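# Reading the structure
Chain by chain, the residues run as shown.
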Amino acid sequence: MNNPDISILFCPRMRNEEDDSVYKDRVSSAAYTPTFSKLITGLTATLFSQDLAVMEATDHDDETTPGEEFTDHLRSFYKEFCDDCDKVGTNLHNFIREASTKALTHSFTYFGVDYPKGEADNLLEQEQLGLDRPRLYQIDSESGFDWKKSTDSHHDFEWIKLVDCEVFQPSAFDPPMHQYTIKTWFMNEQGFAAYETYQTDPLPIGKEPKLKEVIKLIDEGFTSFKRIPIFLFNLNDGIAVGGKLAPMAAEHFNRTTIENHSTNRACLTVPVHYKGDMFAGDNLPDPIMMNSNRGHNPRGSVNNKGVFELGSYQNDRFEIVEAEGKALAFIHKQNEDLDEKMHSVVHQMAQSLKQSKSQSGKTGLSKQEDRRATEMLMSAIADEIFSL
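Rules and cut-offs
- Residues numbered from 1 in each chain as written.
- Predicted model: local features only at pLDDT ≥ 70, side-chain atom pairs only at ≥ 80, totals over all residues.
- Heavy atoms only, no water.
- Helix = DSSP H or I, 4+ residues; strand = E, 2+ residues; numbered from the N terminus.
- Buried < 20%, exposed > 50% of the residue type's maximum accessible area, 1.4 Å probe, protein only.
- Contact = heavy atoms within 4.5 Å.
- Areas by Shrake-Rupley, 256 points an atom, 1.4 Å probe, with all protein chains shown as cover.
- Core = buried A, V, L, I, M, F, W, Y, C linked by side-chain atoms within 4.5 Å.
- Patch = residues over 30% accessible without salt bridge, like charges linked within 9 Å, V, L, I, M, F, W, Y side chains within 5 Å.
- Salt bridge = Lys/Arg side-chain N within 4 Å of Asp/Glu carboxyl O.
- Phe/Tyr/Trp six-rings, centres within 6.5 Å; stacked < 30°, edge-to-face > 60°.
- Lys NZ or Arg CZ within 6 Å of the ring centre and 35° of its normal.
- Pairing = 2+ DSSP bridges.
- Axes fitted to C-alpha atoms, helices over the stretch in contact; angles between N-to-C directions.
- Parallel < 35°, antiparallel > 145°, perpendicular 65-115°, else oblique.
- Nonpolar A, V, L, I, M, F, W, Y, C, P; charged D, E, K, R; others polar.

## As for the overall build of the chain
Summing up its helical and strand segments, the chain has ten helices and eleven strands in all. Residues counted as buried form 30% of the 388 residues belonging to the chain. Restricting the contact set of the chain to residue pairs at least 6 apart, pairs at least 24 apart contribute 61%. Surface summary for the chain: the accessible area is close to 25400 Å², and the carbon and sulfur share equals 53%.

The following block contains the structure:
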């Protein structure tokens, strides 16, 4: 990670064991193992292993069922929409995949639908101008700050307020500025979705609007939608893995940082010189033994003379002392256990889901159980996606 400002958010100081210099040294050795993102990516990769497509109902040729066969116009419409659902080249498959990744990470996310602005006298002109082509757009999970959900659907709203902060620089010679835009969606008296957009004055970075500042209205209007075109992609606690994994990922990062720091320090060997008695025994003292500075700066001595001189082997002794690694092995085992627990969250959450009789049968191998647990979780997430 190598960003101390971020690392200190997840690496608390061990107060009794660390002074400022040691703590700074430990934080500088921080490194993140992306177990969290690997698990989220693994789930979405499994869920979206096949491309999403809008297809005719399998019973479209059965007159006794509601399913109908697509007309050429509808077939062309859905093909164009699936290939470019946001009018910037993103296909429907990747759009829903990104939304699912955000929902798995944050437990929820928003997205909206809109039509191009313009007027047409008839449907043919509307089609020729492209005014009948909707587009989807992602909304940041932190944008919604006030809302009331609909009682009819847990994906819809009776009203919602969205805030966006835009950072811009008027010119190359001006300082960066930021500006807040608040958009309120609500249902008007005629039963159509309406909106009001408010915007603050540009402010220098770091300066916020005053608490009672009046924010000016810059736009308002209504649509032909009979529901607010903002959708909540919300995962319940049983399948929102991000909320379960995030605290464990933070703890794993902290412990891994401790392990990295301890490993780096353990790799530094310490030269130790045991000095003997220059008058040991009945023999005359060795001239080298009479030098009280022997053993001083062994690395420098080797670099300068090519040799490091000591007295008699029985009296003088030189060793390279290094860590035994017992504490490191303990820390490493803890990190491995925590990593394994993070992987087991998916299996545990799947087991908490309601199982049908066909899903509750026993399997012979744990790998089969893990695969079945993942499939159950994927099915639950897919149900949420198709209910949007």
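Structure shown, so let's carry the discussion forward.
## Section: the nonpolar core
Among the nonpolar cores identified, the biggest contains 23 residues, and Leu92, Leu136, Phe157, Ile160, Trp185, Ile228 and Ile230 are the most heavily contacted of them. Going through the elements one at a time, helix 4 (72–83), helix 5 (92–106), strand 1 (108–114), strand 2 (135–139), strand 4 (157–168), strand 6 (193–199) and strand 9 (230–234) are the ones with two or more residues in this core. Residues Leu104, Leu235, Leu245 and Met342 belong to the second largest nonpolar core, which totals 19 residues.

## Some remarks on a nonpolar patch on the surface
Residues Ile6, Ile8, Leu9 and Phe10 make up a contiguous nonpolar surface patch of roughly 370 Å² in combined accessible area. Within the element layout of this structure, Leu9 appears in helix 1 (residues 4–10).

## Brief notes about the packing of aromatic side chains
Considering all chains together, one arrives at eight aromatic pairs under this definition. Centroid distance Phe95 to Phe111: 6.0 Å. Interplanar angle 85 degrees. Geometry classified as edge-to-face. Of this pair, Phe95 sits in helix 5 while Phe111 sits in strand 1, placing them 16 residues apart in sequence. On the numbers, 5.7 Å between centres and 75 degrees between planes, the contact of Phe108 with Tyr110 is edge-to-face. Note on Phe108: relative accessible area 26%, which makes it partly exposed. The ring of Tyr195 carries the charged tip of Lys183 above its face, separated from the ring centre by 4.7 Å.

## Some thoughts on the pairing of strand 1
By the criterion of burial, strand 1 is predominantly enclosed, with five of the seven residues buried. Of the pairings in the sheet, the one linking strand 1 to strand 9 comprises five bridges and is antiparallel in character. Among the inter-strand pairings, Tyr110 is bridged to a residue of strand 9, identified as Leu232. With five bridges connecting them, strand 1 and strand 2 associate as antiparallel partners. Opposite Gly112, over in strand 2, you have Tyr137 as the bridge partner.

## Notes on the packing of helix 3 (residues 35–47) against helix 7 (residues 241–266)
Remark: helix 3 packs on helix 7, axes separated minimally by 9 Å, with the N-to-C direction vectors making an angle of 155 degrees. Overall, the two elements helix 3 and helix 7 adopt an arrangement that is roughly antiparallel. On helix 7, the residues that touch Thr35, Phe36, Leu39, Ile40 and Leu43 of helix 3 are Val241, Gly242, Leu245, Ala246, Ala249 and His252. When the residues that make up the contact of helix 3 with helix 7 are grouped by side-chain class, the tally is eight nonpolar, three polar and no charged.

## Some details on unusual backbone geometry
Phi is positive for Lys87, which is not a glycine, with a value near 65 degrees. Not every positive phi belongs to a glycine, and Ser107 is a case in point at roughly 80 degrees. By the secondary structure assignment, Ser107 is in the loop between helix 5 and strand 1.

Any link to function would need more than the numbers given here.
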